[in-house]
Amino acid sequence: MLNDLLATRVNPDVPSALSGLFVNDPDPRAISFAAGSPNESLFPVAAVKEAFNTAIDTQGAHLFQYQSTQGNPDLRAKLAARIGKWGRVTTTADHVILTVGGQQAIELVAKALLNPGDEVAVEVPTYVGALAALDLYQPTYYGVGLQADGLDLDALETTLKRHPGIKLLYTVPDFHNPTGITMSVAKRQQLVALANRYDFIILEDSPYRDLGYDQLPLPAIKSFDTEGRVIFVSSLSKILMPALRTGWLVADGDLLAAILKVRLASDLEATGVTHAAINAYLDVNDLDAHVTVLKDHYREQCAAMVAALRAYFPDEATFTTPAGGFFDWVTLPADIDVDQLLRSQVMPNAHVSYVPSTNFYPARDVHNGMRLCFSGLTPDVIDAGMHRLGDQMKAAVRGVKPVF
């Protein structure tokens, strides 16, 4: 059989962590809290259209030629300056690589670092897309829990002592996907100290860091890096437009060289046309002013979600109160299987969807949590959907059949 000729990393019996994540409900009453999508009504379509025209008019045919492996140098310089201003990372365009979304950045790091069986620490729960990228390189995972101020560093150190071969730690420190939690500045400093002591690399994935509702971005973990062992990854998908597929990473020394080497094998370069247009957009538009508009909207949507959780969910449920980003995380009693509940009760009867917690754990062994995304919905729709979902959760907790 042809399946016998496939690499073990694409074993057809083991689906991608991203496969089937968002279950489609064709019912016109359906409300989805599943996909982590920005609010498309806030996309600066006219300004980006003008930026594409400007890039083409300025560069002509040369714009469509092969470009730099690292990506547009002017855009890289702007991004280096941005992470210097808001993240306190001292870097230059030479240390920035533009990628096809933040997802490719994660995959390139995994490709550059991991051999089958290599030990990787991840927050649990963690971003499902990172698991999908890391899974292809067949690591051995160790999950480390989260606290209200981010990664549990005592638990991490215990894990490091037991497993001194851990090579990589993956973290989403700012308005975490899926929980909405933000890592404290003190823990960012302590995490780098642990990396130096136990000799591992930190992959800092921070696509939401600009979207703090009432605070400026915290210093990046990378800003405390003294040995070049932190790789910073971000994206323009959440603050500009996802379809531009523009992510970026900052790395140093041997790590930078290794990532560039695997990048050459993957796609030679990301799209120069798009990067030239984004650069033209940034030349004449105030990205920070645009981000302020986004934060005002997302603050309102998050408030609607938290209010609905308080109003409609059972007392037995606990949930986070994000200070930014797109997501809230709900934990129900241990005997509630939210995946089974979604398919057998919630979607057929209430026409509401979410992402069950199993998707965010390497072993897919935690069944009583859910990620709710509020970013693409109006407060009224959030309230209506959460009312329906809350009724389902109350019925499940109380062991009764809900009335429709």
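These figures come from a predicted structure and were not determined experimentally.

Engineer: What exactly am I supposed to notice about the overall build of the protein here?
Structural biologist: Each helix and strand in the protein was counted, giving 11 helices and 14 strands. Here the C-alpha radius of gyration of the protein, 21 Å, is about what a compact globule of 404 residues would show, namely 22 Å. Dimensions of the protein, computed from the C-alpha atoms along their principal axes, are close to 65 × 55 × 55 Å. Taking all 404 residues of the protein together, the buried fraction comes to 54%. Taking the intrachain contacts of the protein between residues at least 6 apart in sequence as the baseline, contacts between residues at least 24 apart amount to 74%. Accessible surface for the protein amounts to roughly 17,300 Å². Of this, 53% is attributable to carbon and sulfur atoms. Of the charged side chains in the protein, 32 are positive and 45 negative, and the gap between their average positions amounts to 1 Å.

Engineer: What is the right way to look at the pattern of salt bridges in this model?
Structural biologist: As enumerated under the stated definition, the model contains 19 salt bridges in all. Residue Asp-214 pairs with Arg-299 through a salt bridge whose shortest N-O separation is 3.1 Å. Here the residue Asp-214 occupies a position in the loop between strand 7 (201-205) and strand 8 (230-235), and Arg-299 occupies one in helix 9 (residues 287-312), the gap between them amounting to 85 residues. Note on Asp-214: relative accessible area 66%, which makes it exposed. The exposure class assigned to Arg-299 is partly exposed, which follows from its relative accessible area of 27%. Ionic pairing is found between Lys-222 and Asp-252, a salt bridge with its closest N-O pair at 2.4 Å. In this pair, Lys-222 sits in the loop between strand 7 and strand 8 while Asp-252 sits in the loop between strand 9 (246-250) and helix 7 (253-266), placing the two residues 30 residues apart along the sequence.

Engineer: Please clarify how the sheet that holds strand 6 (residues 166-171) should be interpreted in this entry.
Structural biologist: Working definition: the strands of a sheet are paired by backbone hydrogen bonds and lie parallel or antiparallel to each other. Taken together, 8 strands build an open sheet; the order of strands is 2-9-8-7-6-3-4-5 and the sheet is mixed. A single partner strand is all that each edge strand has here, and the edge strands are strand 2 (96-100) and strand 5 (150-151). Relative to strand 8, strand 7 is paired through 4 bridges, and the arrangement is parallel. Across the sheet, the residue bridging to Ile-202 is Val-230, located in strand 8. Against the sheet, helix 3 (residues 101-113) contacts strand 2, strand 6, strand 7, strand 8 and strand 9, and its axis sits at roughly 115 degrees relative to strand 2. With respect to the sheet, helix 7 is in contact with strand 2, strand 7, strand 8 and strand 9, its orientation differing from that of strand 2 by roughly 35 degrees.

Engineer: Could you clarify how one ought to interpret the packing of aromatic side chains in this entry?
Structural biologist: Think of a pair of aromatic rings as described by two things: how far the centres are apart, and how the planes are tilted against each other in angle. Counted according to the given criterion, the structure contains 6 aromatic pairs. Every member of this aromatic cluster is reached through a ring pair, and the members are Tyr-208, Tyr-298, Phe-326 and Phe-327.

Engineer: Just to check I follow, could you spell out the pairing of strand 14 (residues 369-373) for this structure?
Structural biologist: Residues in a regular strand point their side chains to alternate faces of the sheet. Taken across its 5 residues, strand 14 has 5 buried, putting it largely inside the fold. Covered by surrounding structure in strand 14 are Gly-369, Arg-371 and Cys-373 together with Met-370 and Leu-372, the residues of both alternating faces. One ladder, built from 5 bridges, connects strand 11 (residues 327-331) with strand 14; its direction is antiparallel. By the bridge assignment, Thr-331 is partnered in strand 14 with Gly-369.

Engineer: Mind showing me how you'd approach the state of the cysteines here?
Structural biologist: Each disulfide consists of a covalent bond between the sulfur atoms of two cysteine residues. Enumeration over the complete set of coordinates arrives at 0 disulfides. No disulfide involves Cys-302; its sulfur sits 11 Å from the nearest other cysteine sulfur, which is in Cys-373.

Engineer: Would you mind showing me how to read the side chain of Ser-234 here?
Structural biologist: Note that Ser-234 resides in strand 8. For Ser-234, a relative accessible area of 3% translates into the label buried. Here Ser-206 takes part through its backbone oxygen, which lies 2.9 Å from a polar atom of the side chain of Ser-234. What Ser-234 contacts, discounting residues up to four positions off in sequence, is Gly-102, Ser-206, Pro-207, Gly-247 and Trp-248.

Engineer: What am I meant to see in the packing of helix 2 (residues 73-87) against helix 9 here?
Structural biologist: What describes two packed helices is the angle between their axes and the distance between those same axes. Across the interface, helix 2 lies against helix 9 with an axial gap of 13 Å and an inter-helix angle of 55 degrees. When the axes of helix 2 and helix 9 are compared, the pair comes out oblique. Each of Arg-82, Lys-85 and Trp-86 in helix 2 lies in contact with helix 9, whose residues at this interface are Leu-287, Asp-288 and Val-291. Across the contact of helix 2 with helix 9, the residue classes break down as 3 nonpolar, no polar and 3 charged.

Engineer: Please explain the pairing of strand 4 (residues 140-147) as it appears in this structure.
Structural biologist: Pairing analysis gives 6 bridges linking strand 3 (residues 119-124) to strand 4, with the strands arranged parallel. Its bridge partner lying in strand 4, Val-124 is registered against Gly-145. Handedness of the strand 3-helix 4 (residues 128-135)-strand 4 crossover: right-handed. Note that strand 4 and strand 5 share 2 bridges and pair antiparallel. Following the sheet pairing, Leu-146 is matched in strand 5 by Leu-151. Here strand 4 folds back onto strand 5, and the loop between the two strands holds 2 residues.

Conventions we followed
- Residues numbered from 1 in each chain as written.
- Predicted model: local features only at pLDDT ≥ 70, side-chain atom pairs only at ≥ 80, totals over all residues.
- Heavy atoms only, no water.
- Helix = DSSP H or I, 4+ residues; strand = E, 2+ residues; numbered from the N terminus.
- Rg over C-alpha atoms; globule rule 2.2 N^0.38 Å.
- Buried < 20%, exposed > 50% of the residue type's maximum accessible area, 1.4 Å probe, protein only.
- Contact = heavy atoms within 4.5 Å.
- Areas by Shrake-Rupley, 256 points an atom, 1.4 Å probe, with all protein chains shown as cover.
- Lys, Arg positive; Asp, Glu negative; His and termini not counted.
- Charge placed at Lys NZ, Arg CZ, Asp CG, Glu CD.
- Salt bridge = Lys/Arg side-chain N within 4 Å of Asp/Glu carboxyl O.
- Pairing = 2+ DSSP bridges.
- Axes fitted to C-alpha atoms, helices over the stretch in contact; angles between N-to-C directions.
- Phe/Tyr/Trp six-rings, centres within 6.5 Å; stacked < 30°, edge-to-face > 60°.
- Disulfide = S-S within 2.5 Å.
- Polar contact = N/O pair within 3.5 Å; in protein donor to acceptor, adjacent residues only side chain to side chain.
- Parallel < 35°, antiparallel > 145°, perpendicular 65-115°, else oblique.
- Nonpolar A, V, L, I, M, F, W, Y, C, P; charged D, E, K, R; others polar.
- Right-handed = clockwise from strand over helix to strand, strands pointing away.

The values reported here are purely geometric and, on their own, carry no functional implication.
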